[in-house]
Amino acid sequence: FSTMGFTNLVCLMTKVIYNFKITVFIHEAGIIRDQLSYYHFEFFKRNIYRFFCRYADGIIFPAQAVKEDFENYIQTEPYKNRVIPTPSDLRYIDLKLLKGDPFNGHHLRTDKNAIVSMGRLEKIKGFDLGIKAFSKLREDMPCYYWILGQGPEEQNLRNLAKALGVAEDIIFLGF
């Protein structure tokens, strides 16, 4: 069971090249079209994925949209593909909020709804789009935006939030 794009390919290549009789499931969590176009040689990588993914015994996705993008772009056999959402312990989160316990050093306010995003703070993840959407949404609905994650784009995202005038309602919660 492999969970990262490059590692997924290495596992599948190893199975094929060495003719291993093993079961390989891979997990693809991102929009593959964006991931492959972010780097050079998109056409080459797309065809490598297309060739080796047919040897996967199953491909798991966290959401229907991710699965559909993968099937359309890589053209895999849909019967191998399954959506298994990423689990979240919402009761644990609710208890922490009700008790007022700090989360990574932040006392989270619950007087308004909260929108939560989680992931590596990298350009490819689109957190800038989330902040822009939040700035529009906040005009119609009082809410907070909690961002869980860390990465090289954090300062740029903080600057964007300031520029849009929404920094006071966006909390960067870290890893």
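Let us look at the structure shown here. (Residues numbered from 1 in each chain as written. Predicted model: local features only at pLDDT ≥ 70, side-chain atom pairs only at ≥ 80, totals over all residues. Heavy atoms only, no water.)

A few words on the nonpolar core. Ranked by internal contacts, the top residues of the largest apolar core, which has 17 residues, are Tyr49 and Phe70. Of all the elements in the fold, those that place two or more residues in this core are helix 1 (5–17), helix 2 (32–38), helix 3 (42–53), strand 2 (58–61) and helix 4 (64–74). Non-local contacts of Tyr49, meaning those with residues more than four positions away in its chain, are made with Gly5, Leu9, Glu28, Ile32, Leu36, Phe70 and Ile74. By size, the runner-up hydrophobic cluster in this structure holds 13 residues, among which are Phe127, Ile131, Ile147 and Phe172. (Core = buried A, V, L, I, M, F, W, Y, C linked by side-chain atoms within 4.5 Å. Buried < 20%, exposed > 50% of the residue type's maximum accessible area, 1.4 Å probe, protein only. Helix = DSSP H or I, 4+ residues; strand = E, 2+ residues; numbered from the N terminus. Contact = heavy atoms within 4.5 Å.)

In this section: helix 3. Relative to the 16 Å expected for 12 residues at 1.5 Å per residue, helix 3 spans 16 Å between its end C-alpha atoms, a close match to the ideal helical length. Where helix 3 is concerned, the buried positions are Ile48, Tyr49, Phe52 and Cys53. Taken around the axis of helix 3, the buried residues stretch over an arc of 110°, which confines them to a single face. Facing away from the buried surface of helix 3 by more than 90 degrees, the exposed residues are Phe43 and Phe44. (Expected span 1.5 Å × (residues − 1). Arc of directions from axis to C-beta.)

On to helix 6 (residues 127–140). Helix length check: helix 6 (14 residues) gives 20 Å between terminal C-alpha atoms against 20 Å at 1.5 Å per residue, within 8%. Those residues of helix 6 not exposed but buried are Phe127, Gly130, Ile131, Phe134 and Ser135. In a view along the axis of helix 6, the buried residues occupy a sector of 140°, so they form one face of it. Opposite the packed face of helix 6, turned more than 90 degrees from it, sit the exposed residues Leu129, Lys136, Glu139 and Asp140. Against strand 4 (113–118), strand 5 (143–148), helix 7 (154–164) and strand 6 (170–174) lie the buried residues of helix 6.

One open sheet accounts for 3 strands, arranged 4-5-6; its pairing is parallel. Edge positions in the sheet fall to strand 4 and strand 6, since each has one partner strand and no second. Neighbour to neighbour, the strand axes of the sheet diverge by 20° on average, direction disregarded. With 6 bridges joining them, strand 4 and strand 5 adopt parallel strand pairing. Across the sheet, the residue bridging to Ala114 is Tyr144, located in strand 5. (Pairing = 2+ DSSP bridges. Axes fitted to C-alpha atoms, helices over the stretch in contact; angles between N-to-C directions.)

To continue, consider a nonpolar patch on the surface. Taken together, the side chains of Ile17, Tyr18, Phe20 and Ile22 define a hydrophobic patch exposed on the protein surface, amounting to about 440 Å² of accessible area. Tracing the backbone shows Tyr18 in the loop between helix 1 and strand 1 (25–27). (Patch = residues over 30% accessible without salt bridge, like charges linked within 9 Å, V, L, I, M, F, W, Y side chains within 5 Å. Areas by Shrake-Rupley, 256 points an atom, 1.4 Å probe, with all protein chains shown as cover. Salt bridge = Lys/Arg side-chain N within 4 Å of Asp/Glu carboxyl O.)

Of note, Leu164 is situated in helix 7. For the pair Leu164 and Arg33, spaced 131 residues apart in sequence, the C-alpha to C-alpha distance is 29 Å. When residues no more than four places from it in sequence are discounted, the contact partners of Leu164 are Ile131, Lys132 and Ser135.

A full pass over the atoms with the stated rule returns 8 salt bridges. Glu71 is the partner of Lys67 in a salt bridge, and the nearest nitrogen-oxygen pair spans 3.0 Å. You can see Lys67 and its partner Glu71 sitting in helix 4, 4 residues apart, about one turn around the helix. Assigned by exposure class, Lys67 and Glu71 land together as buried. A salt bridge links Asp169 to Lys112; its shortest N-O distance comes to 3.4 Å.

If a probe the size of a water molecule is rolled over the atoms, the empty space left behind becomes visible. Quantified by volume, the largest pocket comes out at close to 1400 Å³. Taken together, 34 residues form the lining of the largest pocket, with Ala29, Gly30, Gln35, Arg120 and Lys125 sitting closest to its centre. Of all elements in the fold, only helix 1, helix 2, helix 3, strand 4 and helix 6 reach the threshold of two or more residues within the lining of the largest pocket. The class makeup of the residues in the lining of the largest pocket is 18 nonpolar, 10 polar and 6 charged. Lining the second largest pocket are 20 residues, with Leu90, Ile93, Phe103, Val116 and Leu148 positioned closest to its centre. Contributing elements (two or more residues each) for the lining of the second largest pocket: helix 5 (90–99), strand 4 and strand 5. Looking at the lining of the second largest pocket element by element, the count peaks at 5 residues for helix 5. Grouping the constituent residues of the lining of the second largest pocket by class yields 13 nonpolar, 3 polar and 4 charged. (1 Å grid on protein atoms, 1.4 Å probe; cavity = no way out; pocket = protein on both sides within 12 Å on 5 of 7 lines; lining within 4 Å. Points joined across faces, edges and corners; volume = space filled by probe spheres on them. Nonpolar A, V, L, I, M, F, W, Y, C, P; charged D, E, K, R; others polar.)

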